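# Report on the structure
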Amino acid sequence: MYAPSYEEYRANGGTAEVEVFTASISQAVARVDYVINPNRVREEHAEAYKKAVCALVDEVASPTYTSGGGGFGIGSFRMDGSRGTGKSLGELDRETVEPYLVDTGLLYMGIE
């Protein structure tokens with residue numbers, strides 16, 4: 001597994017404290033793995049993968065990030081996991097990690 005250490009996370013611009021990083025890293029790794037599925041990270045893409053995970057740690061640690069779907073509405077007010085964008089968390093996760101993984105082939109969903 002190529003999960004970044006806290007030191008790598010900070011070196012990549014991460015701002016969360018170590019406790020928040022520790023609590024968020026496994027969910028961030030799982031979310032990146034979900035985005036790149038069915039592809040697996042190879043050594044030559046480990047750094048790009050780590051940067052994508054670092055970016056998603058900051059998203060997961062954000063108070064506006066929710067891990068579930070659903071939500072509720074009252075009149076024209078709507079509260080859901082889309083951070084007000086109308087997009088699913090999967091779409092938001094992909095947008096977060098895509099800049100780091102676009103040149104790796106990890107986002108390719110077809111047959112190689």
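All of these numbers come straight from a predicted model, not from anything done at the bench.

### Concerning the nonpolar core
Within the largest apolar cluster, 26 residues are counted, with the highest numbers of intra-cluster contacts made by V32, V53 and L101. Elements represented by at least two residues in this core include exactly α1 (6-11), α2 (18-36), α3 (46-61) and α4 (89-101). With eight residues, the single largest contributor to this core is α3. Not counting residues within four places of it along the chain, the set of residues in contact with L101 comprises V32, I36, A48, Y49, A52, L106 and L107.

### Quick look at the pattern of salt bridges
Summed over the entire model, instances satisfying the criterion amount to five salt bridges. With a shortest N-O distance of 3.5 Å, R94 and E98 are connected by a salt bridge. Of this pair, R94 and E98 both sit in helix α4, separated by four residues, roughly a single helical turn. Via salt bridges that share partners, E8, E47 and K50 belong to a single interconnected network.

### Remarks on the side chain of D93
In this structure, D93 sits in helix α4. According to the relative accessible area criterion, D93 is buried, its value standing at 0%. If sequence neighbours within four positions are ignored, D93 has contacts with R31, V35, L56 and Y65.

### Description of the packing of α2 against α3
The interhelical angle for the contact between α2 and α3, taken along N-to-C directions, is 120°, at an axis separation of 8 Å. For the element pair α2 / α3, the angle class is oblique. Crossing hand, α2 versus α3: right-handed. Contacts between α2 and α3 involve V20, F21, S24, I25, Q27, A28, V29, R31, V32, D33 and I36 from the first element and Y49, A52, V53, L56, V57, V60 and A61 from the second.

Calculation notes
- Residues numbered from 1 in each chain as written.
- Predicted model: local features only at pLDDT ≥ 70, side-chain atom pairs only at ≥ 80, totals over all residues.
- Heavy atoms only, no water.
- Core = buried A, V, L, I, M, F, W, Y, C linked by side-chain atoms within 4.5 Å.
- Buried < 20%, exposed > 50% of the residue type's maximum accessible area, 1.4 Å probe, protein only.
- Helix = DSSP H or I, 4+ residues; strand = E, 2+ residues; numbered from the N terminus.
- Contact = heavy atoms within 4.5 Å.
- Salt bridge = Lys/Arg side-chain N within 4 Å of Asp/Glu carboxyl O.
- Axes fitted to C-alpha atoms, helices over the stretch in contact; angles between N-to-C directions.
- Parallel < 35°, antiparallel > 145°, perpendicular 65-115°, else oblique.
- Left-handed = near helix turned anticlockwise from the far one by under 90°.

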